[in-house]
Amino acid sequence: MAGIYIHIPFCRKACNYCNFHFSTNHQLMNQMVDAIVHEIEIQQNYLTEPVETLYLGGGTPSLLNRDQLRMIVEAVKKHFTLVAHAEITLEANPDDIHSQLLLDWVALGINRLSIGIQSFRNEDLQWMGRAHNADQALACIGMAQAAGIENISIDLIYGGPSLSNADWIKNLEIAINSGVPHLSCYALTVEPKTALAHQINKQQLPNIDTAHQAAHFTILQEMTTAAGFEQYEISNFSIPGKRSKHNSNYWSGQHYLGIGPAAHSFNGQSRQWNISNNALYIQSIAQSLVPFEIEYLTVVQQTNEYIMTALRTQEGIDANRLNTIAGKAIYTELLNDAAHYIQDGLLVQNQEQLSLSPAGKFMADGIAAHLFREEETV
Ligand code: SF4
């Protein structure tokens, strides 16, 4: 089954670590919603399968008012076959969440929230440049639950300069005790050209300490396991049955359509991405032209994408699936390249699956890169 992602490219404030596409100028908000609705119509034939998941992300989609959100959700329902009980997720920031808005969201069919909490401590939220405070971070979860939304995911960031091990344990205790069934926990990364990169260059903030992050990652694995969460992807933890269907579909190679500026789409053979410029996106859509670039994936690229995404999941690389994508039996070759990681306890071979051990999960990207195939090997 397929998924649809809608990118809402506006935020209240620029978080200092963020390199997503967004603007803090909201003047084009109404025109953007009209353009997104129009793109939904233009792209109605991109997916041939029924749509199982709709994900409103960004940016900050919780900045949209009820009517703007309704226009978008109704356009998707009009132009695509959304299955009954589809997972409809809205990314929301704590400072936007209030009781009436939550009821509006429920009435629109939104049945899952992904809340950008990042930390329950003001000290962290301040250097991150977040628009909310610790009280709002705590209160919004209870408000969402009281409105009847049980399927809630919380985003948290670990390994930052002001977060000690004890602080991280406390953040995780609050998250786990809140009763949410899903956590997305990311190590702080320094993306080029962000305010964070600038602050580190100017020595206003210390650089990333990977040993500190590794300690937080171990704490995260231990505490979530003890609380009954499964680490079904490197950064994602869920109570059984509460995985994100939308993201799981990405990682299993299902097709998806991205709508809005900077949104990516994938149909099995090609990947395309819309222009990352709000004004140019709106102008182009007004002429019924979707402004995108496209890349046709070679077999090697498809194989390496599968290695990279599958290795991040609990299930790991499946021999049959790998061989099917590559068009020939390469699993044995892959095992040869993986031998020293298996010996070092970073990879685990279980019959026809190759997956990361708990220790290996902290080095996923580096291990995947060593397993990538080159043109002549596939
Ligand atoms: S709210 Fe989210 S998308 Fe917006 S700047 Fe902050 S991290 Fe980036």
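Treat the numbers as computed from the prediction; the structure is a model and nothing was measured. (Residues numbered from 1 in each chain as written. Predicted model: local features only at pLDDT ≥ 70, side-chain atom pairs only at ≥ 80, totals over all residues. Heavy atoms only, no water.)

Focus on the site of the ligand
And then number 1: Every residue close to the ligand is listed here: Cys11, Lys13, Cys15, Tyr17, Cys18, Phe20, Phe22, Gly59, Thr60, Asn93 and Arg130.
And then number 2: Considered class by class, the residues forming the shell around the ligand number 6 nonpolar, 3 polar and 2 charged. (Near = heavy atom within 4 Å. Nonpolar A, V, L, I, M, F, W, Y, C, P; charged D, E, K, R; others polar.)

Overview of the packing of aromatic side chains
And then number 1: The full count for this structure, using the stated rule, is 7 aromatic pairs.
And then number 2: With a centroid separation of 5.4 Å and 40° between ring planes, the pair formed by Phe217 and Phe362 is classed as tilted. Separated by 145 residues along the polypeptide, Phe217 in helix α8 (residues 210-226) and Phe362 in the loop between β15 (353-356) and α14 (364-371) bring together distant segments of the chain.
And then number 3: On the basis of relative accessibility, which here comes to 32%, the residue Phe362 falls in the partly exposed class.
And then number 4: An aromatic cluster is present here, built from Tyr158, Trp168, Phe217 and Phe362 joined pairwise through their rings. (Phe/Tyr/Trp six-rings, centres within 6.5 Å; stacked < 30°, edge-to-face > 60°. Helix = DSSP H or I, 4+ residues; strand = E, 2+ residues; numbered from the N terminus. Buried < 20%, exposed > 50% of the residue type's maximum accessible area, 1.4 Å probe, protein only.)

So, helix α11 (residues 299-311)
And then number 1: Taking 1.5 Å of rise per residue, the 13 residues of α11 would be expected to cover 18 Å, and the 18 Å separating its terminal C-alpha atoms lies within 8% of that figure.
And then number 2: Within the span of α11, buried status applies to Val300, Thr303, Asn304, Tyr306, Ile307, Ala310 and Leu311. Buried residues in α11, looked at end-on, bunch into an arc of 155°, giving them a common side.
And then number 3: Packing partners of the buried residues in α11 comprise β13 (317-318), α12 (319-326), α13 (331-343), β14 (347-350), β15 and α14. (Expected span 1.5 Å × (residues − 1). Arc of directions from axis to C-beta. Contact = heavy atoms within 4.5 Å.)

Some remarks on empty space enclosed by the protein
And then number 1: Counted under the stated rule, the structure contains 1 cavity of 30 Å³ or more.
And then number 2: Counted as a void, the largest cavity has a volume near 40 Å³.
And then number 3: Looking at the largest cavity, the residues that line it are Ser119, Asp124, Trp127, Met128, Ile157, Tyr158, Gly159, Gly160, Ser162 and Leu163.
And then number 4: Contributions of two or more residues to the lining of the largest cavity are made by α4 (122-128) and β5 (152-158).
And then number 5: With 3 residues, α4 is the single largest residue contributor to the lining of the largest cavity.
And then number 6: Across the lining of the largest cavity, the residue classes break down as 5 nonpolar, 4 polar and 1 charged. (1 Å grid on protein atoms, 1.4 Å probe; cavity = no way out; pocket = protein on both sides within 12 Å on 5 of 7 lines; lining within 4 Å. Points joined across faces, edges and corners; volume = space filled by probe spheres on them.)

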